[in-house]
Amino acid sequence: DATAGPGRHELKTAYEANIGFSTDFNASLSWRWGRINTPWYGFNPQHSQYIQLGAPVVAGRQKSGKRELYLWAGTTVKYRFYSSLLQGQFRESVVTLGSDEVEKLLAQFWLGATWEFADDVRGSFFYRVSSKEFEGPNAHYPVWAGLVISRAY
């Protein structure tokens, strides 16, 4: 944590290994700046595998009666060994891709804003873009945006 002008900013790294529908290693760098009342360990925007999680589910403490309001951004680089969604799993599937058709090195970037508009109720708007997951004529760069409302208890 560091103080920066009128707000606060945090820069965090994370490393992760997964075994399951996606078997991979990844490293992330995330940043947030503004009025932050929740702990750094509750902010995990890198956990986004085809979905978007909301703001931290950890309750914060209001400082000087002010609610959270911050911008956030980051990136993840992933090396994927296997994807059951693309390559199949234990059952026969009509559509599967071979190992040579699936991209092993993936990257994802995100940008968002979070506002605590009531006690422990936050709204987050985000924009994410990812690299292509497979090769071929239907391959594209997935881009998605959304609005998530979350409540911490």
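Residues numbered from 1 in each chain as written. Predicted model: local features only at pLDDT ≥ 70, side-chain atom pairs only at ≥ 80, totals over all residues. Heavy atoms only, no water.

Draft legend 1. Focus on the pairing of strand β5 (residues 105-118). As judged from the 11 bridges shared by strand β4 (residues 69-83) and β5, these two strands associate in the antiparallel manner. Bridge pairing in β5 links Gly74 to Trp110. Bridge analysis of β5 against strand β6 (residues 121-130) gives 10 bridges, and the strand direction is antiparallel. Across the sheet, the residue bridging to Trp110 is Arg128, located in β6. (Pairing = 2+ DSSP bridges. Helix = DSSP H or I, 4+ residues; strand = E, 2+ residues; numbered from the N terminus.)

Draft legend 2. A look at the packing of aromatic side chains. Under the defined criterion, the tally for this structure stands at six aromatic pairs. Ring plane angle 80° and centroid distance 5.5 Å describe the contact between Phe25 and Phe81, whose orientation is recorded as edge-to-face. Note that Phe25 is positioned in strand β3 (residues 22-35) and Phe81 in strand β4, a separation of 56 residues in sequence. In this structure Phe81 comes out as partly exposed when scored by relative accessible area, which is 41%. Ring geometry for Phe43 versus Trp72: centroids 5.9 Å apart, planes at 80°, classification edge-to-face. Residue Phe43 is located in the loop between β3 and β4, and its partner Trp72 is located in strand β4; the two are separated by 29 residues in the primary sequence. Accessibility assignment for this pair places Phe43 and Trp72 in one class, buried. (Phe/Tyr/Trp six-rings, centres within 6.5 Å; stacked < 30°, edge-to-face > 60°. Buried < 20%, exposed > 50% of the residue type's maximum accessible area, 1.4 Å probe, protein only.)

Draft legend 3. Local environment of unusual backbone geometry. In this structure, Asp120 is a non-glycine residue whose phi angle is positive, near 60°. Structurally, Asp120 can be placed in the loop between β5 and β6. Judged by relative accessible area, Asp120 falls into the buried class, the value being 19%.

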